[in-house]
Amino acid sequence: MQKYGQHFLINENVINQIIDAALLLKSENLVEIGPGKGALTKRLIDRGCKNFTVVEIDPEMESYLQKTLPKTAGVSILRQNFLQADLEKLAPRPTLFVSNLPYIDAADILDKVLGCPHFQTAVFMFQKEQAQRIRARACEEGYGPLSVFSQLRAQISPICKAGRGCFNPPPKVESMVLAFMRPGTRLVPAEKWPSFKKLVSVAFLHKRKTLFNSWSLAGYDKQKITDVLAVCKVKPTARPEEIPPAKYVELWQKLCC
C-alpha cells in the first residue's frame, strides 16, 4: 500500500476539523482527492454528504472503498490520477475539493484545483513546510512562486496542524491543513495566466539575482524592464522575494500586456 506514498490519516480530532471546515465551505459539488481508506469520505457521509465523487489512483484502495462505502451515499469512485482528470467533467459547477494530499504531488494538485474554472473552495492537508510557503508573504522565508500563484487565486486560512502520529504509517514531517476560498475578483484572467506564470517563474529562477537580471536573462526587453520598474515604483535592485503578489500583477500588465 506504500507504492503511492500513502500516509493514512487516523487522528479523529484532525479528521473532524477538516470535515468541519469542509462543511462550512460547502459548495454545489464535492470532490475528494485520494481518499485512501476513506477516513474523510466516511466522515463526510456520516455528516450528511451524498452523491459526491472521490478520485483514487490506487486500484487496491478503489476496491477497498467499493466494499466499505455505503451504497446509499451515492459516492462515485473514479480510479484515476487526479492530475490527468478532466475537470470540466469532474467539476462542471461550483466545487469544493477536499484531500489529505499526497506530499509528492501536492503543489501540482493545488495548482490544478486553483486553476479550475469552477473551483469555489478547498480544504487540503500539506506538509507543514509547504503550507508555510503557500502562506508566506513577500520578504518572509519560503516566499516564492507557490506563494504568489496561491495567494492571487484564493483567500487562504489555516485550519489545524497534524503531527507525525496522526498518520499510519507516520511521515517524516509534520503537516498542516489549509482552507482556500475563491476571491471575488481574479486579478489575472484565466486565458492570460500562462503569460503571468512564466513571468513570475523566471523571476525566481536565478537565486540572488535582481528582477531586472532574471527577466533580461529570460529574453524580456531590457529597456522595457527598466521603464516598467520605474513606472511601478520598484527599485532597479529589487529582488523577486521582495515583490508582493499584487505588485507582480502590476508589473506583468505593464511588461507583457
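So, a few notes on the structure that sits alongside this text. What you see is a predicted model; the values in this text were computed from it and never measured.

Conventions and cut-offs
Residues numbered from 1 in each chain as written. Predicted model: local features only at pLDDT ≥ 70, side-chain atom pairs only at ≥ 80, totals over all residues. Heavy atoms only, no water. Pairing = 2+ DSSP bridges. Helix = DSSP H or I, 4+ residues; strand = E, 2+ residues; numbered from the N terminus. Axes fitted to C-alpha atoms, helices over the stretch in contact; angles between N-to-C directions. Contact = heavy atoms within 4.5 Å. Buried < 20%, exposed > 50% of the residue type's maximum accessible area, 1.4 Å probe, protein only. Right-handed = clockwise from strand over helix to strand, strands pointing away. Arc of directions from axis to C-beta. 1 Å grid on protein atoms, 1.4 Å probe; cavity = no way out; pocket = protein on both sides within 12 Å on 5 of 7 lines; lining within 4 Å. Points joined across faces, edges and corners; volume = space filled by probe spheres on them. Nonpolar A, V, L, I, M, F, W, Y, C, P; charged D, E, K, R; others polar. Core = buried A, V, L, I, M, F, W, Y, C linked by side-chain atoms within 4.5 Å.

### Focus on the sheet that holds strand S3 (residues 53–56)
Alright, step 1. Read from one edge to the other, the open sheet built from seven strands follows the order S4-S3-S2-S5-S6-S9-S7, with strand pairing classed as mixed. Unpaired on one side and paired on the other, strand S4 (76–79) and strand S7 (155–162) mark the two borders of the sheet. On average, adjacent strands in this sheet sit at an angle of 20° to one another, irrespective of strand direction.
Alright, step 2. Across the sheet, helix H3 (residues 59–68) touches S3 and S4, and the angle it forms with S4 is around 165°.
Alright, step 3. Along the sheet face, helix H6 (residues 128–135) touches strand S6 (119–127), S7 and strand S9 (175–181) and points at about 135° away from the line of S6.

### Quick word on the pairing of strand S5 (residues 95–100)
Remember that side chains alternate between the two faces of the sheet whenever the strand is regular.
Alright, step 1. The element S5 is extensively covered by neighbouring structure, given that six of its six residues are classed as buried.
Alright, step 2. What you see with S5 is no split at all: Thr-95, Phe-97 and Ser-99 on one side and Leu-96, Val-98 and Asn-100 on the other are buried throughout.
Alright, step 3. The sheet contact formed by strand S2 (residues 29–33) and S5 spans four bridges and is parallel. Paired with Leu-30 across the two strands is Leu-96, which belongs to S5.
Alright, step 4. Two elements, S5 and S6, share six bridges in a ladder whose sense is parallel. By the bridge assignment for S6, Thr-95 is matched with Phe-119.
Alright, step 5. Tracing the backbone out of S5, into helix H5 (residues 106–114) and back to the parallel element S6 gives a crossover that is right-handed.

### Quick notes on the environment of Trp-252
Alright, step 1. By the element assignment, Trp-252 lies in helix H11 (residues 245–256).
Alright, step 2. The buried category is assigned to Trp-252, whose relative accessible area is 2%.
Alright, step 3. Taking the C-alpha atoms as reference points, Trp-252 and Leu-25, 227 residues apart in sequence, are found 32 Å from one another.

### Focus: unusual backbone geometry
Alright, step 1. Asn-168 connects to Pro-169 through a cis peptide bond whose omega is -5°.
Alright, step 2. Along the polypeptide, Pro-169 turns up in the loop between strand S8 (167–168) and S9.
Alright, step 3. Residues other than glycine seldom take positive phi values, yet Asn-51 does so here, at roughly 55°.
Alright, step 4. The exposure class of Asn-51 is exposed, given its relative accessible area of 59%.
Alright, step 5. Located in the positive-phi region is Cys-139, a residue other than glycine, with phi close to 80°.
Alright, step 6. Secondary-structure assignment places Cys-139 in the loop between H6 and helix H7 (145–153).

### Digging into the environment of Gly-74
Alright, step 1. By the element assignment, Gly-74 lies in the loop between H3 and S4.
Alright, step 2. Considered as a pair, Gly-74 and Ser-150 are 76 residues apart in the sequence and their alpha carbons are 32 Å apart.
Alright, step 3. Those residues in contact with Gly-74 that sit more than four places away from it in its chain are Asn-51 and Phe-52.

### Quick look at H6
Alright, step 1. Taken residue by residue, H6 has Gln-130, Ala-131 and Ile-134 as its buried positions. Buried residues along H6 cover an arc of 100° about the axis, so they all sit on one side.
Alright, step 2. In the core, the buried residues of H6 are packed alongside H5, S6, H7, S7 and S9.

### Observations regarding the packing of H6 against H7
Alright, step 1. The contact between H6 and H7 brings their axes to 6 Å, and the two run at 65°. In contact with Gln-130, Arg-133, Ile-134 and Arg-135 of H6, H7 contributes Leu-146, Ser-147, Ser-150 and Gln-151.

### Points about empty space enclosed by the protein
Alright, step 1. Taken as a whole and assessed by the stated rule, the structure comprises one cavity of 30 Å³ or more.
Alright, step 2. If you add up the space inside the largest cavity, you get close to 30 Å³.
Alright, step 3. In terms of lining, the largest cavity is formed by Leu-152, Arg-153, Arg-186, Leu-187, Val-188 and Trp-193.
Alright, step 4. Considering only residue class, the lining of the largest cavity consists of four nonpolar, no polar and two charged.

### Considering the nonpolar core
Nonpolar side chains in soluble globular proteins tend to end up buried together.
Alright, step 1. Grouped together as the largest cluster of nonpolar side chains are 30 residues, with contacts concentrated most on Leu-9, Val-14, Ile-18, Phe-52, Val-75, Val-123 and Met-125.
Alright, step 2. Listed by contribution, the elements that provide at least two residues to this core are helix H1 (12–24), helix H2 (39–46), S5, S6, S7 and S9.
Alright, step 3. Looking at which element gives the most residues to this core, the answer is H1, with six residues.

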